[in-house]
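Notes for the structure review
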Number of protein chains: 2
Amino acid sequence: MPERRVRPTIHDVARRAGVSATTVSHTFSGKGVVAAATREHVREVARELGYRPDAVARGLRNSRLGVLALVLRPLETLDSFLPEGVDYFLRFAGQAALAAMQLGYGLMLVSDPTQESSPSAALACDGFLITEPVQGDPLVRMLIDERIPFLTVGRDPANADYDTWIDTGTTQMTYEVLRHLTEAGASRVALVTGTDRNSWNIDAENAYRAWAADRGQEPLVVHQPETAGESGGSAAAHELLRAASPPDAVYCLTGRHAAGLLRAVTERGYTVPGDIRIVAGSDSEHSRSTTPPITSVDLGPELLARVAVTMLVNRLESLDRPIPPGDLHGRLIVRGSTA
Amino acid sequence: MPERRVRPTIHDVARRAGVSATTVSHTFSGKGVVAAATREHVREVARELGYRPDAVARGLRNSRLGVLALVLRPLETLDSFLPEGVDYFLRFAGQAALAAMQLGYGLMLVSDPTQESSPSAALACDGFLITEPVQGDPLVRMLIDERIPFLTVGRDPANADYDTWIDTGTTQMTYEVLRHLTEAGASRVALVTGTDRNSWNIDAENAYRAWAADRGQEPLVVHQPETAGESGGSAAAHELLRAASPPDAVYCLTGRHAAGLLRAVTERGYTVPGDIRIVAGSDSEHSRSTTPPITSVDLGPELLARVAVTMLVNRLESLDRPIPPGDLHGRLIVRGSTA
DNA sequence: CTGAAAGCGCTAACAG
DNA sequence: CTGTTAGCGCTTTCAG
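Looking at an unreviewed UniProt entry, chain A carries the name LacI family transcriptional regulator, with the source organism given as Mycolicibacterium mageritense.

Moving on: the overall build of chain A. Assigned secondary structure in chain A consists of 13 helices and 11 strands. Against the compact-globule benchmark of 20 Å for 339 residues, chain A has a radius of gyration of 25 Å, which places it well outside the compact range. When its C-alpha atoms are laid out on the principal axes, chain A stretches across 85 × 40 × 35 Å. A burial count over chain A gives 58% of its 339 residues as buried.

As a further point, take the pairing of strand 6 (residues 189–193) of chain A. All names here are of chain A. The element strand 6 is largely enclosed, with a buried count of five among its five residues. On strand 6, burial covers both faces: V189, L191 and T193 on one face and A190 and V192 on the other are all buried. Inspection of the sheet shows strand 6 paired to strand 8 (residues 249–252) by four bridges, in the parallel sense. Bridge pairing in strand 8 places L191 opposite Y251. With three bridges joining them, strand 6 and strand 7 (residues 221–223) adopt parallel strand pairing. Paired with L191 across the bridge in strand 7 is V221. Handedness of the strand 6-helix 9 (residues 199–214)-strand 7 crossover: right-handed.

Below, the discussion takes up the relation of the copies chain A and chain B. Once turned by 180° and shifted 0.0 Å along the axis, chain A lies on chain B with an RMSD of 0.2 Å. Within this description, the copies of the chain are treated as partners about a two-fold rotation axis. Relative to the rotation axis, the C-alpha of M108(A) is the closest in chain A, positioned 2.1 Å from it. Interface residue correspondence from chain A to chain B reaches 98%, placing this contact among same-surface, isologous pairings.

Counting from both sides, the interface comprises 62 residues of chain A and, opposite them, 62 residues of chain B. Interface area, chain A with chain B, both sides summed: about 5300 Å², of which 61% is carbon and sulfur. Taken together, the connections running from chain A to chain B amount to zero salt bridges. When residues in the side of chain A that touches chain B are grouped by element, the largest group, nine residues, is from helix 6 (residues 87–102) of chain A. Split into classes, the residues belonging to the side of chain A that touches chain B amount to 31 nonpolar, 15 polar and 16 charged. Bridge count for strand 2 (residues 106–109) of chain A against strand 2 (residues 106–109) of chain B is three bridges, and the pairing is antiparallel. Each bridged residue has a counterpart across the sheet, and for M108(A) the counterpart in strand 2 of chain B is M108(B).

The biggest cluster of nonpolar side chains holds 139 residues, and the ones touching the most others in it are F92(A), L261(A) and L261(B). The dominant element in this core, judged by the number of residues it contributes, is helix 6 (residues 87–102) of chain B, at 10 residues. If sequence neighbours within four positions are ignored, L261(A) has contacts with V192(A), G233(A), S234(A), A236(A), A237(A), L240(A), V250(A), C252(A) and I278(A). Counting residues in each nonpolar core, the second largest holds 40 residues, with L65(A), A124(A), V56(B) and A124(B) among its members.

All names here are of chain A. Mapped onto the elements, L316 comes out in helix 13 (residues 301–317). In this structure L316 comes out as buried when scored by relative accessible area, which is 8%. Linking L316 and A99, residues 217 residues apart in sequence, is a C-alpha distance of 15 Å.

Let's shift gears to the UniProt feature "domain: HTH lacI-type" (unreviewed entry) in chain A. Per the UniProt entry, the sites bearing "domain: HTH lacI-type" (unreviewed entry) are residues 8–62 of chain A in this numbering. Between the C-alpha atoms that bound residues 8–62 of chain A there is a distance of 21 Å. The span itself is 71% helix and 0% strand.

Take the pattern of salt bridges next. Residues and elements named next belong to chain A. Scanning the entire structure with this criterion turns up 32 salt bridges over all chains. D137 is the partner of R73 in a salt bridge, and the nearest nitrogen-oxygen pair spans 2.6 Å. Here R73 is found in helix 5 (residues 73–77), whereas its partner D137 is found in the loop between strand 3 (127–131) and helix 7 (138–146), with 64 residues between them in sequence. Judged by relative accessible area, which is 8%, R73 ranks as buried. For D203, the salt bridge goes to R155, with nearest N and O atoms at 3.4 Å. In this pair, D203 sits in helix 9 while R155 sits in the loop between strand 4 (150–153) and strand 5 (165–166), placing the two residues 48 residues apart along the sequence. The buried category is assigned to D203, whose relative accessible area is 16%. Overall, the relative accessible area of 25% leaves R155 in the partly exposed class. When salt bridges with common partners are traced through the structure, they connect R91, D298, E302 and R331 into a single cluster.

In the region of DNA strand D, 25 residues are neighbours, and T22(A), T38(A), R61(A), I10(B) and R58(B) sit closest. The sugar-phosphate portion of DNA strand D accounts for 64% of its atoms within 4 Å of the protein, the bases making up the rest. Contact distances for DNA strand D include 2.7 Å between a phosphate oxygen and a side-chain N or O atom of T38(A). Going through the elements one at a time, helix 2 (21–29) and helix 4 (55–62) of chain A together with helix 1 (10–17), helix 2 (21–29) and helix 4 (55–62) of chain B are the ones with two or more residues in the surface near DNA strand D. For the surface near DNA strand D, the element with the most residues is helix 4 of chain B, which contributes five residues.

What counts as what
Residue positions are given per chain, counted from 1 along the sequence in the order it is written. Here every chain gets a letter starting at A, and every ligand a number starting at 1, in the order they are written. Local features in a predicted model are, by the rule used here, given only for residues with pLDDT of at least 70; side-chain atom pairs are given and counted only at 80 or more, and totals for whole chains, interfaces and linings are based on all residues. Note: side-chain values were computed over all heavy atoms of the structure, leaving out hydrogens and water. Working definition: helices are DSSP H or I runs of at least four residues, strands are E runs of at least two. Numbering for both runs from the N terminus. Based on C-alpha atoms, the radius of gyration is set beside the globule rule, defined as 2.2 Å times the residue count to the power 0.38. Per-residue accessibility, obtained with a 1.4 Å probe over protein chains only, is compared with the maximum for each type, and a residue is labelled buried under 20%, exposed over 50%, and partly exposed between these values. Note on pairing: DSSP must find at least two bridges between two strands before they are called paired. With strands facing away from the observer, any crossover in which the path from the first strand over the helix to the second runs clockwise is taken as right-handed. Copy-to-copy alignment: least squares on C-alpha atoms, limited to residues at pLDDT 70 or above in both. The criterion used for residue contact is that any of the two residues' heavy atoms lie within 4.5 Å. Note: buried area is the sum, over both parts, of the accessible area (probe 1.4 Å) each one loses when the two are combined. Just to be clear on terms, a salt bridge is a Lys or Arg side-chain nitrogen sitting within 4 Å of an Asp or Glu carboxyl oxygen. Ten residue types, Ala, Val, Leu, Ile, Met, Phe, Trp, Tyr, Cys and Pro, are classed as nonpolar, four, Asp, Glu, Lys and Arg, as charged, and the remainder, Gly among them, as polar. Joining through side-chain atoms within 4.5 Å is the link that ties buried Ala, Val, Leu, Ile, Met, Phe, Trp, Tyr and Cys residues into a set, and such a set is a nonpolar core. UniProt positions are given in the numbering used here, feature names are shortened, and annotations may be inferred rather than shown by experiment. One heavy atom suffices: a residue is near a molecule or strand as soon as one of its heavy atoms comes within 4 Å of it. For this analysis, a polar contact is any N or O atom pair within 3.5 Å, provided that within protein one partner can donate a hydrogen and the other can accept it, and provided that sequence-adjacent residues contribute only side-chain to side-chain pairs.

See the structure below:
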């Protein structure tokens, strides 16, 4: 490996400028008081030398690296080769990175740092963003214990010890979907959820059960691992069609389950949306490109990400930057599978 | 802001284990020689205390943070609110992050670190990945000068001083698209490129001009800024239709230009693909959801990202991990706009 | 095989 | 306003 050229240090600048290292430090950190003339001179010399403060050394002193960590929980349960159907997380990550940049931070994608295997740089981040923490999430626990600032998108369903989470409005959206299905002519709606114990799955199932109870209906719920993808959807289809009173509408929380279910019921000769209406809880390539395309919930990850980053940075810096306005609760995109 | 709980340091472990800090350091870095029994004991104590080496302090000594930086060049010229139609970069970033994780690295999304405004942590990264560097890219220059390992996806068209770049096969793909259009019945093909001076735009235009010259045809090229999006596509349409001999096929390198162009020509009463065939050089939501859907090149960012990360880490560690196999040159997805 | 000592580049006190 | 001093947590000679 080629040796890195030695970057000029604060001492090089100090010597060349005829001042002390402290003065250089102060002119760059803006902390101490430096005469305007001195400051100008130091800046000038630094520019000549190509000096830039070293973030690592700086971070060592003030434990502030200028980096936010992003943990995309559900990605960790997914296969290594990122399948289609996870638009949500990529859109979230991309937007979060941009927002962080604009606030002067880097955004690092990391896997769970409670795992020994994770890059140790993860622990050095200034704050954490966690999407859809799982029930009793060990990372949330650790961050609380270590007093590291963090924010979760969706809450840890088993942890009441923190309030730094963003409500993604799953309950409300579930009712909206159920209403939509009813209006589209469905009389018996089933639910297919994933098996991760996160608030998304849990809140949706609770809302569904409450709704069913309200209507005096027997709830019809199937669980399939998120990782099962389309074949999980197809398995759910078989299970549902065997039921005592089979559904005429299915709400699948994941796009891949929905796509698999659509294919399975179609192959069995049912028409969609004639015999069975289908809605996906997360919009994705998978839901758009089927025949018919699947009515889906667009969770609006872009806005969610911007809001989350802004809130976290506000916490980090005890500031009050305005939170980007807008509805965090997603919207239903009606397509052929229910229309 | 709450004060962080003090993490145990190497000294805490040393004291508790009755050894010196050096020994602890050695057992964790694997560098020196430590008796097996001692090593076990130290590990044990460290576990009790919840000790994990501090990546920042460690990085200070050996300038190795365990983090890869990813610079998505074209994103920087885009509006802050990430528009639809940039699937490519998000898919690339997501996959790169996963690949990096699996090799024990974090992946940090950063903006150009030659800019003063960028988070200074950016400079501390061990290696850089740059997608589509621009002509005479200042970041590439800087990385060469500073001897920081890097890899570009697409080359810097004006910099022959490095060979650590991945060929995305733009030239070859351009010919493939032109052939496809010809086979679809086109006799006069125009090209719409972006204005960023990167190898993607440049190679495509060169290939197109060579192809036109071969056929003794007058080339018909329009440039529109990437940022212009759909309205850029619509502007291109107006320009092309005014031409002395208007095209019966258009190859738009960006998905958003293609979508705008499709709309504009349709509004003017042309049929697609009857009167005009359209191909987009980059697959995206925009190209899929139009009527008709637009034939597009899927650049395969997932594989590109995995290959790039693996190659970069190999360089960093002077290793020879196998490069994920597969064709890096993208594939054409034929849709209604040419069929 | 183990440990003492000397920093990596920077910043936080505190004196001048 | 500026400089001196003393480390942050870890690694690295180099002697035992």
